[in-house]
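Here's the letter readout for the chains.
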Amino acid sequence: MSLSVIDAAHHSQLLNFERTILAKQAQIEAWFRAQWRKHRAPFYGSVDIRNSGYKLASIDMNLFPGGFNNLNPNFLPLASIAAIDAVERACPEAHSVLLIPENHTRNTFYLQNVYALFCILRHAGMQVRIGTINPDITESTVFTTANGDHITLEPVQRQGNRLYLADGFNPCLILLNNDLSGGVPDILHNLEQALLPPLKAGWTTRRKSTHFHAYNQVAAEFAHLIDIDEWTINPFYEVCSGMDFSTHEGENHLAEAVERVLQRIQQKYDQMGITDRPFVIVKADAGTYGMGVMTVHSADDVRGLNRKKRNKMAKIKEGLAVTEVIVQEGIYTYETLHNAVAEPVVYMMDRFVIGGFYRVHEDRGPDENLNAVGMHFIPLQQNIASVNSDIVGEEVKSKRVFEQWENLGITVADNANQANDCENIRLYVYGVLARLSLLAAAIELENMPD
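Here we summarise the structure given alongside this text.

Describing the sheet that holds strand β13 (residues 280-284)
Move 1: Taken in spatial order, the four strands make up an open sheet running β12-β15-β13-β14, and their pairing is antiparallel. Here the strands that pair on one side only, and so sit at the sheet edges, are β12 (237-240) and β14 (293-296). On average, each strand axis in the sheet is inclined to that of its neighbour by 20°, with strand direction left out of account.
Move 2: Bridge count between β13 and β14: four bridges; the pairing is antiparallel.

Quick look at the structure:
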């Protein structure tokens, strides 16, 4: 993979941030270890990150990641090691897993994700079967994935408080890769088997604003730890409820929130000497797949939205109406791959980074949502062991992040080794940011009622 590029105007700012992170690496890793002793990491998750050079921050945290097929397959051994740890924490005696994916089966790329997750668990030494709670699938059915692999979906049955399959397969652990946007089906309630992620992690109850409330706490503590301005890793936001985009209800309230957040950003830009034009992202407070998202540069942009934009914002996955939105500070992404705007997405299992990829969109600008039709994915290529200082397994425990600190100052990769070092540095920094969001998700779930 080509090394991602930050334009010259923002490169020095990025280098300063990377120097700070690496100089504090020992403190950072000790702090993370202490945090994981206090908080139980979610089973898995993925984090979208934006990089403007002067600001690097997580903008979304998904607790039901659906892009395992986009990870570098060379990372499979380390992903499986992390999976062993995650499964053992959930159920120490576990030897079998029932994986329950989304109900939709026409998206062959999503099915490829299911296959990739299946392989990770199988290589972790688990007996793995794929169950479905889709009422339209009444018998064992084979599906073909985007890459031509085959997976078998089997209808899930329930007896008492346990889930099983028709041939008697009685798993120790139920793993959901279904974000429950359409609600929690009765079959999943009150199970005696370990169920991960917990039902409360689904979009039926979870809200992005709740996550960022927890992230505020994490970001403040981390910023104090390494002596940086918290703003550089934490976007401003406000929440608006009572919205109905189809009737313009709540429009003025939203416009006022947009104006307040834009003013806060402009004040910070003025303080930092940043000449970019502030913008915000208005997005549904629940949901994923990049639905219910728009870029806004002024309060007037949300007053009198045309029918097309209102329809786009009114509904999200499963056709659910949007009544709550988060107005989040927009972060320019000045990172590019092959001259196309790119943003990193980092995947984690338990407390370990297991891979990631760049989401790339040739037709979008640095202030736009890249999670849209036309995007493509370029896997991160470097060794993920470099991101995890304490990943399980003797074969990787001893690996450290960087052996040659002098390469941190490189601005142009003169050879392959230097390019690898630059990319590893960037990957480590992204891994730190992603783990901050993972920690916030752990706190978020702890604070939610069961």
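Let's talk about the nonpolar core
Move 1: Counting 70 residues, the largest nonpolar core has Ile21, Ile100, Phe222, Ile233 and Leu436 as the members making the most contacts within it.
Move 2: With 16 residues, helix α9 (residues 416-447) is the largest single contributor of residues to this core.
Move 3: Once you skip the residues sitting within four places of it in the chain, Ile100 turns out to touch Gly131, Ile133, Val156, Leu163, Ile174, Leu175, Leu176, Asn177, Asn178 and Leu188.
Move 4: By size, the runner-up hydrophobic cluster in this structure holds 41 residues, among which are Ala79, Ala94, Ala124 and Leu173.

Remarks on the packing of aromatic side chains
Move 1: Under the defined criterion, the tally for this structure stands at 15 aromatic pairs.
Move 2: Between Phe43 and Tyr44, the aromatic rings sit 5.3 Å apart at their centres with planes inclined by 80°, giving edge-to-face as the arrangement.
Move 3: Exposure remark for Phe43: the relative accessible area of 5% places this residue in the buried category.
Move 4: Taking relative accessible area as the criterion, Tyr44 reaches 0% and is therefore assigned buried.
Move 5: Aromatic pair Phe279 and Tyr332: ring centres 4.8 Å apart, planes at 75°, arrangement edge-to-face. Taken together, the residues Phe279 in the loop between α6 (251-272) and β13 and Tyr332 in the loop between β15 (325-329) and β16 (335-337) connect sequence positions 53 residues apart.
Move 6: Chaining the aromatic ring pairs together yields one cluster made of Phe43, Tyr44, Phe68, Tyr347, Phe357 and Phe377.
Move 7: The ring of Trp203 carries Lys208 above its face, with NZ or CZ at 5.8 Å from the centroid.
Move 8: The ring of Phe32 carries Arg435 above its face, with NZ or CZ at 4.4 Å from the centroid.

Some points on the pattern of salt bridges
Move 1: Under the counting rule described, the total for this entry stands at 22 salt bridges.
Move 2: Between Arg435 and Glu29 there is a salt bridge, with its nearest N and O atoms 2.9 Å apart. Here Arg435 is found in helix α9, whereas its partner Glu29 is found in helix α2 (residues 25-38), with 406 residues between them in sequence. Comparing Arg435 with Glu29 shows no difference in burial state: the two are buried.

What counts and how
Residues numbered from 1 in each chain as written. Predicted model: local features only at pLDDT ≥ 70, side-chain atom pairs only at ≥ 80, totals over all residues. Heavy atoms only, no water. Pairing = 2+ DSSP bridges. Helix = DSSP H or I, 4+ residues; strand = E, 2+ residues; numbered from the N terminus. Axes fitted to C-alpha atoms, helices over the stretch in contact; angles between N-to-C directions. Core = buried A, V, L, I, M, F, W, Y, C linked by side-chain atoms within 4.5 Å. Buried < 20%, exposed > 50% of the residue type's maximum accessible area, 1.4 Å probe, protein only. Contact = heavy atoms within 4.5 Å. Phe/Tyr/Trp six-rings, centres within 6.5 Å; stacked < 30°, edge-to-face > 60°. Lys NZ or Arg CZ within 6 Å of the ring centre and 35° of its normal. Salt bridge = Lys/Arg side-chain N within 4 Å of Asp/Glu carboxyl O.

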